[in-house]
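In case you want the letters, here they are:
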Amino acid sequence: MAALAFLFASCEQDPTENIVEQQEAQVDMSDFYLYTDADADGKSAENANAKCYSMRNLNRLLNENDDLHKKMYNIEKNTRSILAKSANAKGKPGSGGDGDTEPPAPDNLGTVNIPVVIHVVYSNAQENISDAQINSQMAILNEDFRATNSDATNVPAEFAGLVADSEISFTLTQVMRHSDSRTQWGTNDAVKYAYPPVSPSNTLNIWVCNIGGGILGYAQFPGGPLETDGVVVGPQYFGNTGYVASPFDQGRTTTHEVGHYLNLRHIWGDGRCRQDDFVADTPTSDGPNYGCPSYPTVNCKNNDMTMNYMDYTDDACMYMFSEGQKARMRTIFMDGGPRTGFVN
Ligand SMILES: [Zn+2]
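Reading the values: rules and limits
Residues numbered from 1 in each chain as written. Predicted model: local features only at pLDDT ≥ 70, side-chain atom pairs only at ≥ 80, totals over all residues. Core = buried A, V, L, I, M, F, W, Y, C linked by C-beta atoms within 7 Å. Buried ≥ 20, exposed ≤ 12 C-beta atoms within 10 Å, placed from the backbone. Helix = DSSP H or I, 4+ residues; strand = E, 2+ residues; numbered from the N terminus. Contact = placed C-beta atoms within 7 Å. pLDDT = per-residue confidence, 0-100. Pairing = 2+ DSSP bridges. Axes fitted to C-alpha atoms, helices over the stretch in contact; angles between N-to-C directions. Parallel < 35°, antiparallel > 145°, perpendicular 65-115°, else oblique. Left-handed = near helix turned anticlockwise from the far one by under 90°. Nonpolar A, V, L, I, M, F, W, Y, C, P; charged D, E, K, R; others polar.

**Quick notes on the nonpolar core**
- One finds Ile206, Val208, Cys209, Val232 and Val233 to be the most contacted residues of the largest nonpolar core, which totals 55 residues.
- Sorting the residues of this core by element identifies strand S1 (112-122), helix H4 (131-146), strand S2 (168-179), strand S3 (204-208), strand S4 (217-219), strand S5 (231-233) and helix H7 (252-261) as the ones contributing at least two each.
- Per-element accounting of this core gives the leading share, six residues, to S1.
- If we ignore the near neighbours within four places in the chain, the residues touching Ile206 are Val116, Ile118, Gly230, Val231 and Val233.
- Formed by six residues, the second largest nonpolar core is a distinct cluster that contains Met55, Leu61, Ile75 and Phe221.

And the structure:
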């Protein structure tokens, strides 16, 4: 009887499954990529000097975890499906007036608050950064993700309409200080295994320690192993007061890395002109920009959004996320997304 009931149930569910399959078929995944040649990225020799190790870290994690590629593919598919449904609902004439229930859109989620635990791992007094330095970074994160940063007014007219309040905020819940004789932690997550994350399914963990090798920071994308989930930033690049080093002394390294943690790619797509960051309103580019570029900076036949947090420019010269980046980040908190633990 149980088997028969199951058969009946299966038959009844068939039409629904077909509809779901048809909807999913509309999501184009043909441009999706995970592996990059980030180990040799950049369009000129000087650009071999990568600030952020997140893409190389992803290459390593993909090599070490057989199921990670499929997991991140499904996360991307879910993101695109949500964004496509949201765009359809908005574009549908008369929608809302015909009694149809609107599909959940990234805009309808409300403000998402992210609890933050900071692990300060130090081998000398300087690296044991002050509470004031930590608080300055928390203030910058909140300003940058809510678009209340004072330098947002510097965005040129071409992109001014795209400046986004991501409606994501951050609350510091705990600072853990660890004295350790190790002076450099590298990029293989050794610091995370030494000092494991606290509640990573609903807490952003940030390790502040000396990475070495000229690396300012690196993040783990959504979908990666929980035991290494979070962001690592060098103490000199954290916050804007105390032990900080110009020109990365305005706390934007952490803003950039938390962008990766919330599934944003580098704005140039870590490839040539045709490789995208999966965000429609950010112009294509063929490589990172450094320093403080003047506007317009033209690559791939359009003006680069050099002032975006996901470029490699100096801290004082990056001051916006775009509306497309906002929508992409927020899908990870929605049904089927990898960070629903923060909203449930
Ligand atoms: Zn990066």
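**A look at the confidence of the model for the protein**
- When pLDDT is averaged across the protein, the result is 89; 86% of the residues are at 70 or more.
- Under a pLDDT of 50 for its full length, residues 40-47 has, in the predicted model, 11 contacts with residues more than four places off or in other chains.
- Long-range and interchain partners of residues 95-99, a stretch whose pLDDT sits below 50, account for four contacts in this model, where long-range means more than four residues apart.

**Here's the deal with the pairing of S3**
- Counting buried positions over the five residues of S3 gives five, a clear majority of the element.
- Burial along S3 is two-sided: the residues Leu204, Ile206 and Val208 and Asn205 and Trp207 are all buried.
- Of the pairings in the sheet, the one linking S1 to S3 comprises five bridges and is parallel in character. Bridging from a neighbouring strand, Val116 pairs with Leu204 of S3.
- As defined by bridge partners, S3 adjoins S5 across three bridges and the pair is classed as parallel. Bridge pairing links Trp207 to Val232 in S5.

**Details of the packing of H4 against H7**
- In contact at an axis separation of 9 Å, H4 and H7 are set at 55 degrees when each is read in the N-to-C sense. The orientation of H4 relative to H7 falls into the category oblique. Taken as a pair, H4 and H7 cross one another with a handedness that is right-handed. Every residue of H7 that contacts H4 at Gln137, Ile140, Leu141 and Asp144 is listed here: Thr254, Thr255 and Val258.
- For the contact of H4 with H7, the residue count by class is three nonpolar, three polar and one charged.

**Details of unusual backbone geometry**
- For the bond from Ser246 to Pro247, the omega torsion is 5 degrees, close enough to zero to count as cis.
- Turning to its location among the elements, Pro247 is positioned in the loop between S5 and H7.
- In the segment running from Tyr295 into Pro296, the intervening peptide bond is cis, with an omega of 0 degrees.
- You can see Pro296 is positioned in the loop between H7 and strand S6 (298-299).
- Positioned with a positive phi, Phe278 is a non-glycine residue whose angle comes to about 65 degrees.
- Relative to the helices and strands, Phe278 is located in the loop between H7 and S6.
- For Phe278, a count of 19 C-beta atoms within 10 Å puts it in the partly exposed group.

**Things to note about helix H8 (residues 323-331)**
- For H8, the tally of buried residues reaches seven of nine residues, placing the bulk of the element in the interior.
- Along H8, the positions that sit buried rather than exposed are Gln325, Lys326, Ala327, Arg328, Met329, Arg330 and Thr331.
- Summarising the contacts, the buried residues of H8 are in contact with helix H3 (68-91) and S2.

**Digging into the packing of H3 against H8**
- The geometry of H3 relative to H8 is characterised by a closest axis approach of 9 Å and an angle of 120 degrees between their N-to-C directions. One way to sum up the angle between H3 and H8 is to call them oblique. In this structure, the crossing between H3 and H8 has a hand that is right-handed. Contacts from Asn78, Thr79, Ile82 and Leu83 in H3 reach Ala327, Arg328 and Thr331 in H8.
- Residue classes in the contact of H3 with H8 are distributed as three nonpolar, three polar and one charged.

**Let's talk about the sheet that holds S5**
- Taken together, the five strands give an open sheet; going across it, the order is S2-S1-S3-S5-S4, and neighbouring strands pair in mixed fashion. A single partner strand is all that each edge strand has here, and the edge strands are S2 and S4. Pairwise comparison of adjacent strand axes, ignoring direction, gives a mean angle of 15 degrees for this sheet.
- The sheet strands contacting H4 are S1 and S2, and the helix crosses S2 at an angle near 155 degrees.

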